Amino acid sequence: MVLQQTVFLIQAVLFNMNNKRERRLRKSAPTLRSALALYVVEIASQKNSIKQAKSLERIWNSTRLASRTIASIKNLDLHQIMDEWLETLAPSTVCRRVAMISHMYTIARKKWGFDWIPNPVELVQLPAVDDARDRRLFDHMRLRGVSEDECPRNELDWIINATRSAQLPTILWLAVETAMRRAEITRIERQHIDLTRDTIYIPITKNREPRIVPLSPWAKYVLRLYLHGRPRRGPIFTLDPDGVTKAFIRARTKAKENYHALCAKYGRRPQPAYFDDLRFHDMRHEATSRLANVYQIHQLAKITGHKDPKMLLRYYHPDGYDLSRILAKSELGRRQLDYIRTITQQEDRLAA
């Protein structure tokens, strides 16, 4: 009995000591605001997404967790913040915000010496994200009896005709023809363009691995016209990625207004799908789907910069007509067509 009481006493003393040590360590941990500031300076500044990181930092600093130490934040605290965000935001947006916090905790544990602080995100159930898109450009826009000059056949021409930006048309064509990302296009420098070999060298990419992108004949033609009379070195565009998005949205809105005005002029009902939910990043989807008819998947990955074939497949959205043409031009398709011609000729001879 005495021995058992002694054991209980020792356990109580150790528990109190551990609690005191834990409280002392908690007080020594930085606040979320301080940790995020250090994270942005040391980690995010070395990446291409520094502007996004600063934006996420401001978002987290506006929450009630900002003044708390990172050791005191639990998974339930994050769940409460996430539930509030999910009332108005998409799951993908919430996941991006939480992902930054998770990486910050990883850095704090591995690099800043706070290995005793658990990562609360590991115990968080993230919302399911389904952000795959299959939006392709409409390229059969017609109004019966209206010429192509007055009614362009595809959305891209409408948008290019509607923009007031001198740079956006070239940027759009490069996006559709090369599958380059928005930031990659805006960072193009003249010395990285080789119009003799029909290539563009991209030294800074999203995955931090440089690559060379081939230019289609049309992309080369558009670039040659755009570069005429411009400096031989330095950036060829002054628009930054955000500026490209804003210019695209303005042009898309104006193009939709012009299309509806043309429909009203001829008494036609406009197609609601035209220009609806079209984003600049969809140009990359469009380009990847087109280039997939030209290159094998391992070659296409070198052009688009995808490391994971699964991610590449998310960008490849062929329509049924594309796939039927590929099948018809394949060896199997040619053999079948030859066989059909043989049968048809035999039937014609018998009929004669």
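The numbers attached to residues start from 1 for each chain and follow its sequence in the written order. Local features in this predicted model are restricted to residues whose pLDDT is 70 or higher, and side-chain atom pairs enter the listing and the counts only when it is 80 or higher, whereas totals over whole chains, interfaces and linings include all residues. Side-chain descriptors were evaluated using all non-hydrogen atoms of the structure, hydrogens and water having been removed beforehand.

Draft legend 1. Representation of helix α12 (residues 297–304). Here the term buried applies to any residue with accessible area under 20% of the maximum for its type, exposed to any over 50%, and partly exposed to those in between, with areas from a 1.4 Å probe on protein chains only. A run of DSSP states H or I qualifies as a helix once it reaches four residues; a run of E qualifies as a strand once it reaches two. Both are numbered from the N-terminal end. Leu300, Ala301, Ile303 and Thr304 are the residues of α12 that are buried. Taken down its axis, α12 places every buried residue within 160 degrees of arc, on the same side. At the exit of α12 stands Gly305, carrying a positive phi of roughly 90 degrees. Directions drawn from the helix axis to the C-beta atoms are what define this arc.

Draft legend 2. Up close: the packing of aromatic side chains. Working definition: rings of Phe, Tyr and Trp (its six-membered ring) pair if their centres are within 6.5 Å, and the pair is stacked with planes under 30 degrees apart, edge-to-face with planes over 60 apart, and tilted otherwise. Using the criterion set out here, one finds 11 aromatic pairs in the structure. Considering the side-chain rings of Phe248 and Phe280, the 5.9 Å spacing of their centres and the 85 degrees angle between planes classify their relative orientation as edge-to-face. With Phe248 in helix α10 (residues 241–265) and Phe280 in the loop between α10 and α11 (282–291), this pair connects stretches of sequence that are 32 residues apart. The buried category is assigned to Phe248, whose relative accessible area is 1%. By the criterion adopted, a ring carries a charge over it if an Arg CZ or a Lys NZ lies within 6 Å of its centre and within 35 degrees of its normal. For the cation-ring pair, Arg230 lies above Tyr226, with the distance from its terminal atom to the ring centre recorded as 3.8 Å.

Draft legend 3. Region of interest: unusual backbone geometry. Located in the positive-phi region is Ala179, a residue other than glycine, with phi close to 70 degrees. Within the element layout of this structure, Ala179 appears in the loop between α7 (168–178) and α8 (182–186). Residues other than glycine seldom take positive phi values, yet Phe275 does so here, at roughly 70 degrees.

Draft legend 4. Main features of the packing of helix α6 (residues 155–162) against α10. Every axis corresponds to a line fitted to the C-alpha atoms, with the helix fit spanning only the stretch in contact, and the corresponding angles, defined between N-to-C directions, vary from 0 to 180 degrees. It is the contact of α6 with α10, at a shortest axis distance of 8 Å, that shows an interaxial angle of 105 degrees. Viewed along their axes, α6 and α10 adopt a mutual orientation that is roughly perpendicular. Of the residues in α10, those touching α6 at Trp158, Ile159 and Ala162 are Phe248, Ala251, Arg252, Lys254, Ala255, Asn258, Tyr259 and Leu262. For the contact of α6 with α10, the class distribution of residues is eight nonpolar, one polar and two charged. Here the word oblique covers every angle except those under 35 degrees (roughly parallel), over 145 (roughly antiparallel) and from 65 to 115 (roughly perpendicular). We call two residues in contact whenever any of their non-hydrogen atoms come within 4.5 Å of each other. Put simply, Ala, Val, Leu, Ile, Met, Phe, Trp, Tyr, Cys and Pro go in the nonpolar bin, Asp, Glu, Lys and Arg in the charged bin, and everything else, Gly too, in the polar bin.

Draft legend 5. Fine view of the pattern of salt bridges. Salt bridges are defined by distance alone: a side-chain nitrogen of Lys or Arg within 4 Å of a carboxyl oxygen of Asp or Glu. Overall, the coordinates contain 15 salt bridges when judged by the stated rule. In this structure, Lys220 and Asp198 form a salt bridge, with 2.9 Å as the shortest nitrogen-oxygen distance. Pair noted here: Lys220 is in helix α9 (residues 217–227) and Asp198 is in the loop between β1 (193–194) and β2 (199–202), with a separation of 22 residues, a long-range link. For Asp198, a relative accessible area of 26% translates into the label partly exposed. As a salt-bridge pair, Asp338 and Arg341 come within 2.3 Å of each other at their nearest N and O atoms.

Draft legend 6. Broad picture of the sheet that holds strand β3 (residues 211–214). An order of β1-β2-β3 is seen for the three strands of this open sheet, with the pairing classed as antiparallel. With partners counted over all chains shown, the strands left at the sheet margins are β1 and β3, one partner each. Where β1 lies against β2, two bridges are found, and the strand directions are antiparallel. Considered in β2, the bridge of Ile193 is made with Ile200. Note on pairing: DSSP must find at least two bridges between two strands before they are called paired.

Draft legend 7. How the structure looks around the pairing of β2. Of the two faces of β2, only the one carrying Ile200 and Ile202 is buried; Thr199 and Tyr201 on the other face are not. Where β1 folds back onto β2 in an antiparallel hairpin, the turn is made up of four residues, including Asp198, whose phi is positive at roughly 60 degrees. Inspection of the sheet shows β2 paired to β3 by four bridges, in the antiparallel sense. If you follow Ile202 over to β3, its bridge partner there is Arg211.

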